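Listed here are the chains, written in short residue letters.
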Amino acid sequence: MIRMITKRLLTSILTLIILVSVVFAMTHATPGGPAFSILGQKATPAAVKALNARLGLNVPWWDQYFIWWWHLLQGRLGFSYLLNRPVTELIAEYLGNTLLLYIGAIMLSVLLSIGIGLVQGVTWGRWPARLIGAFQLAAYALPTFFVGTMFILYFGVEWQILPTGGITDLRIAHPGALDYARHLILPILTVGLLGVSGLSRYFGASVHEELNKDYVRTALAKGLTFRAVLFGHVLRNALRPLVTILGLSFPGIFVGSVLVESVFNYPGLGYLLWRSALSQDYPVVSGIVLLLGVITVVGNLLADLVNGLLDPREIYD
Amino acid sequence: MSLSLAENMAAPGGALRRGATARLLGWMGDRTMLVSGLVLMALILLFCFLGGLVYPASPVAIHGHHAFQPPSGAFPLGTDQIGRDELARLIQGGFTTMVVAIPAALLTFAIGLIYGLASALLPAWVDKVLMRVLDAFLALPGLVVLIFFASLLAPSNTELILLLGLTSWPGLARLVRNEAISQRGRDFVLATRQFGGGTWYVARVHLLRVMAPILVVNFTFLLGDSVLALSGLSFLGLGVKPPMTSWGGLLQTGLNLIALNPWWMIFPSAIMIFASIVATNLIGQGILARLGEGR
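Note that this is a predicted model, so its numbers are computed, not measured.

A. Looking closely at the overall build of chain B. Of regular secondary structure, chain B possesses 12 helices and zero strands. Reading chain B from its N terminus to its C terminus gives the helix and strand order α-α-α-α-α-α-α-α-α-α-α-α. Residues classed as buried in chain B amount to 51% of the 295 residues present. Here the contacts in chain B between residues at least 6 apart in sequence split such that 69% fall between residues at least 24 apart. In the form shown here, chain B has an accessible surface area of approximately 13500 Å², with 68% of it arising from carbon and sulfur atoms.

B. Geometry of helix α5 (residues 87-122) of chain A. The end-to-end C-alpha separation of α5 of chain A is 49 Å, in line with the 52 Å expected for 36 residues at 1.5 Å each. Along α5 of chain A, the sharpest kink reaches roughly 35°, centred on L95 of chain A.

C. Seen up close, the packing of helix α1 (residues 2-28) of chain A against helix α12 (residues 282-310) of chain A. Residues and elements named next belong to chain A. Relative to each other, α1 and α12 sit at 165°, their axes nearing to 10 Å. On the basis of the axis angle, α1 is roughly antiparallel to α12. By crossing handedness, the relation of α1 to α12 is classed as right-handed. On α12, the residues that touch I5, R8, L9, S12, T15, L16, L19, V20, V23 and T27 of α1 are S286, V289, L290, G293, V294, V297, N300, L301, D304 and L305.

D. Spotlight on the interface of chain A and chain B. Contact with chain A, which involves 46 residues of that partner, is made by 41 residues of chain B. Interface of chain A and chain B: buried area, both sides summed, is about 3900 Å²; carbon and sulfur atoms make up 81% of it. In this structure, the connection of chain A to chain B is made through zero salt bridges. Where chain A meets chain B, there are two residue pairs in polar contact (both at pLDDT 80 or more). Those elements that place two or more of their residues in the side of chain A that touches chain B are α1, α6 (127-141), α7 (144-158), α10 (226-263), α11 (269-278) and α12 of chain A.

E. Inspection of the packing of helix α8 (residues 170-184) of chain B against helix α10 (residues 199-235) of chain B at higher detail. All names here are of chain B. Between α8 and α10, whose axes approach to 11 Å, the crossing angle comes to 160°. As far as their axial angle goes, α10 and α8 are roughly antiparallel. Considering only the axes of α8 and α10, their crossing is right-handed. Residues L172, L175, V176, E179, A180, Q183 and R184 of α8 pack against L207, V210, M211, I214, L215, N218 and L222 of α10. Split by residue class, the contact of α8 with α10 holds 10 nonpolar, two polar and two charged.

F. Structural context of the side chain of N218 of chain B. Residue and element names in this part refer to chain B. Of note, N218 is situated in helix α10. Residue N218 is classed as buried on the basis of its relative accessible area, which comes to 15%. Those residues within four positions of N218 in sequence are excluded, and the remaining contacts are L172 and L175.

G. Broad picture of the packing of aromatic side chains. The full count for this structure, using the stated rule, is 14 aromatic pairs over all chains. For the pair F24 of chain A and Y65 of chain A, a centre-to-centre distance of 5.0 Å together with 70° between the ring planes defines the contact as edge-to-face. Pair noted here: F24 of chain A is in helix α1 and Y65 of chain A is in helix α4 (residues 61-73), with a separation of 41 residues, a long-range link. F24 of chain A gets classed as buried once you look at its relative accessible area, which sits at 6%. Centroid distance F109 of chain B to F219 of chain B: 5.6 Å. Interplanar angle 80°. Geometry classified as edge-to-face. A residue pair is termed long-range when its members are at least 10 positions apart, and F109 of chain B in helix α4 (residues 86-121) and F219 of chain B in helix α10 qualify at 110 residues. Residue F219 of chain B is classed as partly exposed on the basis of its relative accessible area, which comes to 22%. Connected via pairs of aromatic rings, a cluster forms that spans F151, Y154, F155 and W159 of chain A. Just above the ring of W274 of chain A sits the side chain of R275 of chain A; from NZ or CZ to the centre is 5.1 Å.

H. Main features of a nonpolar patch on the surface. All names here are of chain B. A surface patch of nonpolar side chains, amounting to about 860 Å² of accessible area, comprises V39, L43, L46, F49, L50, L53, V54, F95 and V99. Of all the elements in the fold, those that place two or more residues in the nonpolar patch are α3 (32-54) and α4. Among the elements that line the nonpolar patch, the one with the most residues is α3, at seven residues. Structurally, L43 is set in helix α3.

I. Structural detail: the pattern of salt bridges. All names here are of chain A. Counted under the stated rule, the structure contains nine salt bridges over all chains. Residue R85 pairs with E89 through a salt bridge whose shortest N-O separation is 3.1 Å. Exposure remark for R85: the relative accessible area of 26% places this residue in the partly exposed category. Across the pair E93 and R85 runs a salt bridge, and its minimum N-O distance is 2.6 Å. Here E93 falls in the partly exposed class, since its relative accessible area comes to 45%.

J. Region of the structure containing the confidence of the model for chain B. Residues and elements named next belong to chain B. Of all residues in chain B, 89% attain a pLDDT of 70 or more, and the chain-wide mean is 83. Element-level pLDDT for chain B is lowest in helix α1 (residues 5-13), with a mean of 42, against a maximum mean of 93 in α4. Counted against residues more than four places away or in other chains, residues 1-17, with its pLDDT under 50, gives 20 contacts. Taken together, the chains of this predicted complex give a pTM of 0.83 and an interface ipTM of 0.79.

What counts as what
Residues numbered from 1 in each chain as written. Chains lettered and ligands numbered in written order. Predicted model: local features only at pLDDT ≥ 70, side-chain atom pairs only at ≥ 80, totals over all residues. Heavy atoms only, no water. Helix = DSSP H or I, 4+ residues; strand = E, 2+ residues; numbered from the N terminus. Buried < 20%, exposed > 50% of the residue type's maximum accessible area, 1.4 Å probe, protein only. Contact = heavy atoms within 4.5 Å. Areas by Shrake-Rupley, 256 points an atom, 1.4 Å probe, with all protein chains shown as cover. Expected span 1.5 Å × (residues − 1). Bend = angle between axes of the 7 residues up to and from the residue. Axes fitted to C-alpha atoms, helices over the stretch in contact; angles between N-to-C directions. Parallel < 35°, antiparallel > 145°, perpendicular 65-115°, else oblique. Left-handed = near helix turned anticlockwise from the far one by under 90°. Buried area = accessible area lost by both parts, 1.4 Å probe. Salt bridge = Lys/Arg side-chain N within 4 Å of Asp/Glu carboxyl O. Polar contact = N/O pair within 3.5 Å; in protein donor to acceptor, adjacent residues only side chain to side chain. Nonpolar A, V, L, I, M, F, W, Y, C, P; charged D, E, K, R; others polar. Phe/Tyr/Trp six-rings, centres within 6.5 Å; stacked < 30°, edge-to-face > 60°. Lys NZ or Arg CZ within 6 Å of the ring centre and 35° of its normal. Patch = residues over 30% accessible without salt bridge, like charges linked within 9 Å, V, L, I, M, F, W, Y side chains within 5 Å. pLDDT = per-residue confidence, 0-100.

Shown next, in the form of structure tokens:
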């Protein structure tokens, strides 16, 4: 067990090293280099050279690579070209909002998915399950930015019951936390819908699969009620893959939230990423991409370890 | 499914029973998802590629006196804020969306297939290296990387295809590898190896053949995803360049004017994106459902 965990840890570290190198290569694949995007395309060679020297871009790429690693290990991600602030500071400022949106959306989608998945799994092959299947497909096929904008149009503009974007500062907003929460409802609903479309499908299939297993037949044969079997055994077993799926779907849901945050002008990481990408502020973009990659790798590692605890067979695969 | 479409249709009159039509309907009735997906996809492709012949109006001509008008006889889907024909733009946008999304899905498919097969069939140490690299790529959110490069390059359509293809393959690569690994230990593969069949021969003749259905299914999903990714890019202002447009671009233009609620500029493109993704998923899930029954 300890050996398996060590091995899993080591492969994760190796993956992280490759990830950092890929992101480094990405930022250096820029034509003309960042100096042009800061100074404009008509910059004089002398100005470009001076700026490159100031940004540390005049040394060979392998030196830059090791310097980058050195800075990363110290937790430094460089300075934003545009805002002239440390990237770590910027990310810290926007991360909280994204986490709030994200955790809210994941909680919403997990709760809804468990309910929807149970109904779908139990009625598999009959009309309620088919209806749910159609809903899942529709939710998946609607572009998130379209859903978000429709929410704005109806809840915000037509019926005027919810704010359409942004977020208020907890310290200055008049009704305080309540207003803050009201700003979160539409973004959370939009990201949550995206999450439900995928999660509930997996969960429904997994409930259906569990119901056809021998232990269910045995439990029913020895006189347990269907309800007791469903909530006592099937639910628990069907929930197990959900941990892994949540880990795997993290990047997908984040990608969705980039679009959602830009629809709602919600000041989270996705919004920061979009603004920085449009103005070619590479240090910010690569910092966010790196952070997401690290979160995903660590998240997958944790999901594997949790699964190993829930079911020791998993970790030996 | 208890009653097939053919039985439903043939039962009352009895005239269709055992005829060729009935057999065709019976075949289709068992495959409702697959057939409706194929029909929907065919309609969409016809609209994109032949729509211009039926409705030859220019997508870029500006009718200044008729700007921002809801649908009318002269402009079946109305005009946009500077007076361009929305139906013509919907057709042109569909054409652009498809000529970018289809090659992009093919490229993604090719990279994922080759990477996954190589990982499964080459010596174990190659697999280990390839898998670590794959894990790193899987941890990078594809669209985020796409946004990064799209903002950098201001890509042409060809570059968009390359970008979409180069950023979306990791998921498929993992699937192909796992599938190939589960197939490579089967008796017929072992027998071929025993008789001297090389790695490439096994991949080409056996693995590709047994994996064909699952590959087709995943190609359809890739196609849907690539339409969705392209629309997302266009929404962020990083997709197809003006004056040409894509469905995502049209939708973005409409959504930017949301305060005026120009429904004719929003719903047609939204419906087309929605329909393409529903169609590809119906085809994919339809095939999957048949595979499940076949086992």
